[in-house]
Amino acid sequence: MNSMNSMKTGGRSVGRALATLALGLSAVAIAAAPAPAAPVQAAPVQAAAGGDSSALACTPWREWRGEGGGSGDVCDGARATGTIYDAKADGRCPFIKFYYAGGGHKSSPSVGPAGTSKWIEVWADPGKYFNGSASVEWRSC
C-alpha cells in the first residue's frame, strides 16, 4: 500500500511538472509567433457527421466509373476542387455532386466530350457546408 501511495504522489509531482513545462512552452511558442500582416477571418466551423466540432481541413474525394469521374479535395466544408474526366463517347457528360451536411447537394459543371477533362471549383451556398462525400453523375451533352 505504501509503495502505491508513493507512486501516486510521485505521479502527481511529475504530472504537475509536465503540465507546468507544457504551459511554459506554449507561452514561448505564442510569444515567438509572428503577428499576421492583416486581420484573419476564421472560416465557420461546421460539425462533421460524427458530431466533431473541429475544423474540417481538407478531405480527399475520388469518384470513378467506367464512363468517367474525378478526384480532388473538399476543404473546410466550404470549397470543393478537383478534376473531372469524360472517358466514354456515349452522349453523356459526367459531373460531381457534393453533398451538404444536413441534406442536399451542389453540382459541379459537367465535362465532355469523351477524352476531355476539366478542373472544377465548387463553393458551398451561404450557410451550408459540404460533408466530404461526393458522387459522379451524368447529363446529356
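All of the points below concern the structure found in this document. No experiment lies behind these values; they were computed from the predicted model shown. (Residues numbered from 1 in each chain as written. Predicted model: local features only at pLDDT ≥ 70, side-chain atom pairs only at ≥ 80, totals over all residues. Heavy atoms only, no water.)

1. Section: the pattern of salt bridges
We apply this condition: Think of a salt bridge as a Lys or Arg side-chain nitrogen and an Asp or Glu carboxyl oxygen that are within 4 Å of each other. Secondary structure elements follow DSSP: runs of H or I of four or more residues count as helices, runs of E of two or more count as strands, with numbering from the N terminus. Buried, partly exposed and exposed residues are distinguished by accessible area as a fraction of the type maximum, computed with a 1.4 Å probe on protein chains only: under 20%, between the cut-offs, and over 50%, respectively.
Enumeration according to the criterion identifies four salt bridges in this entry. Salt-bridge contacts for glutamate 121 lead to arginine 79; the nearest nitrogen and oxygen are separated by 2.7 Å. In this pair, glutamate 121 sits in strand S6 (residues 117-123) while arginine 79 sits in strand S3 (residues 79-86), placing the two residues 42 residues apart along the sequence. Taking relative accessible area as the criterion, arginine 79 reaches 27% and is therefore assigned partly exposed. Aspartate 125 is paired through a salt bridge with lysine 106; the nearest N and O atoms lie 3.0 Å apart. Taken as a pair, aspartate 125 in the loop between S6 and strand S7 (130-140) and lysine 106 in strand S5 (residues 105-107) lie far apart in primary sequence, 19 residues in all. When salt bridges with common partners are traced through the structure, they connect Glu67, Asp90 and Arg92 into a single cluster.

2. Description of the nonpolar core
Let me state the cut-off plainly: Within this scheme, the nonpolar core is defined by two criteria: the residues are buried Ala, Val, Leu, Ile, Met, Phe, Trp, Tyr or Cys, and they are joined through side-chain atoms within 4.5 Å.
Within the largest apolar cluster, 15 residues are counted, with the highest numbers of intra-cluster contacts made by Trp61, Ile96, Phe98 and Phe130. Going through the elements one at a time, S3, strand S4 (92-100), S6 and S7 are the ones with two or more residues in this core. With four residues, S7 is the single largest residue contributor to this core.

3. Considering the state of the cysteines
For the record, the criterion: For this text, the term disulfide refers to a pair of cysteine sulfurs within 2.5 Å.
The full count for this structure, using the stated rule, is two disulfides. One disulfide bridge connects cysteine 58 with cysteine 75, the sulfur atoms lying 2.1 Å from each other. The S-S bond linking cysteine 58 to cysteine 75 shows a torsion near 110°; that makes this disulfide right-handed. Highlighted residues: cysteine 58 in strand S1 (residues 58-65) and cysteine 75 in strand S2 (residues 68-75), separated in sequence by 17 residues. By relative accessible area, cysteine 75 is classed as buried at 17%. Residue pairing for cysteine 93: its cysteine sulfur links by disulfide to cysteine 141, the two sulfurs lying 1.9 Å apart. The sign of the 90° torsion about the S-S bond sets the cysteine 93-cysteine 141 disulfide as right-handed. One end of the pair, cysteine 93, is in strand S4; the other, cysteine 141, is in the segment after S7, and 48 residues separate them in sequence. A residue is classified by how much of its surface remains accessible, and cysteine 93, at 4% relative accessible area, is buried.

4. Quick word on the sheet that holds S1
Using the following cut-off: Pairing between strands requires that DSSP locate at least two bridges from one strand to the other. Simply put, an axis is a line fit to the C-alpha atoms, just over the touching stretch for a helix, and the angle between two N-to-C directions goes from 0 to 180 degrees.
Taken in spatial order, the four strands of this open sheet run S1-S2-S3-S6, and their pairing is antiparallel. The two strands at the open ends of the sheet, each matched to only one other strand, are S1 and S6. Within the sheet, the average angular offset between the axes of one strand and its neighbour, ignoring direction, is 15°. Relative to S3, S2 runs antiparallel, the two being bridged by eight bridges. Opposite valine 74, over in S3, you have alanine 80 as the bridge partner.

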